[in-house]
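Survey of secondary and tertiary structure
Chain by chain, the residues run as shown.
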Amino acid sequence: MLPRHSRHPAVPVAISGLVLVVAQLHGHIEVVLPVVPLLLLVVSLLVGIYPGCETIVRLAERGGLRRRRRSAPSQARPAGPNVPMVSGGLLIAFGLAQRPPPLAA
């Protein structure tokens, strides 16, 4: 890990740019290009830069303030009926279970 004073946001961009230049020189840009976003994120995390950390903290603080303001339980809506959602094979099974079998001739 780098010291705190050298954690600059340009470091991941510079390293990714260097990888792109080397890939272009060797003719493998089409292989490296889709991996660049992952490379930017991994290098940022290794350097100690956490993208979006301030935004998450700010949204968490703002959400906490909103929750404190709403304290009246009378405004709560009643819960709807608890109906499980069926899908896939269970949906077919429920459909077949609701109709009777064909009559024997």
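Let us look at the structure shown here.

Each value, and the rule that gives it
Residues numbered from 1 in each chain as written. Predicted model: local features only at pLDDT ≥ 70, side-chain atom pairs only at ≥ 80, totals over all residues. Heavy atoms only, no water. Helix = DSSP H or I, 4+ residues; strand = E, 2+ residues; numbered from the N terminus. Buried < 20%, exposed > 50% of the residue type's maximum accessible area, 1.4 Å probe, protein only. Contact = heavy atoms within 4.5 Å. Areas by Shrake-Rupley, 256 points an atom, 1.4 Å probe, with all protein chains shown as cover. Axes fitted to C-alpha atoms, helices over the stretch in contact; angles between N-to-C directions. Parallel < 35°, antiparallel > 145°, perpendicular 65-115°, else oblique. Left-handed = near helix turned anticlockwise from the far one by under 90°. Nonpolar A, V, L, I, M, F, W, Y, C, P; charged D, E, K, R; others polar.

Details of the overall build of the protein chain
Counting its regular elements, the protein chain contains 5 helices and 0 strands. Going from N to C terminus, the protein chain has its helices and strands arranged as α-α-α-α-α. For the protein chain, the residues scored as buried account for 10% of the 105 residues in total. Within the protein chain, contacts between residues at least 6 apart in sequence are counted, and of these 56% link residues at least 24 apart. Surface accessibility of the protein chain: about 9,400 Å² in total, with carbon and sulfur atoms responsible for 67%.

With respect to the side chain of Ser44
Relative to the elements of secondary structure, Ser44 occurs in helix H3 (residues 36–47). When its relative accessible area of 10% is taken as the criterion, Ser44 is described as buried. Ignoring any residue separated from it by four or fewer positions in sequence, one finds Ser44 in contact with Pro12, Ile49 and Pro51.

Side note on the packing of helix H1 (residues 10–26) against H3
As a packed pair, H1 and H3 sit with axes 9 Å apart at the nearest point and diverge in direction by 140°. The orientation of H1 with respect to H3, classified from their angle, is oblique. Helix-helix and strand crossings are classified by hand; for H1 and H3 the assignment is right-handed. Facing Val11, Pro12, Val13, Ile15, Ser16, Val19 and Leu20 of H1, the residues of H3 in contact are Val36, Leu39, Leu40, Val43, Ser44 and Val47. Of the residues contributing to the contact of H1 with H3, the split by class is 11 nonpolar, 2 polar and no charged.

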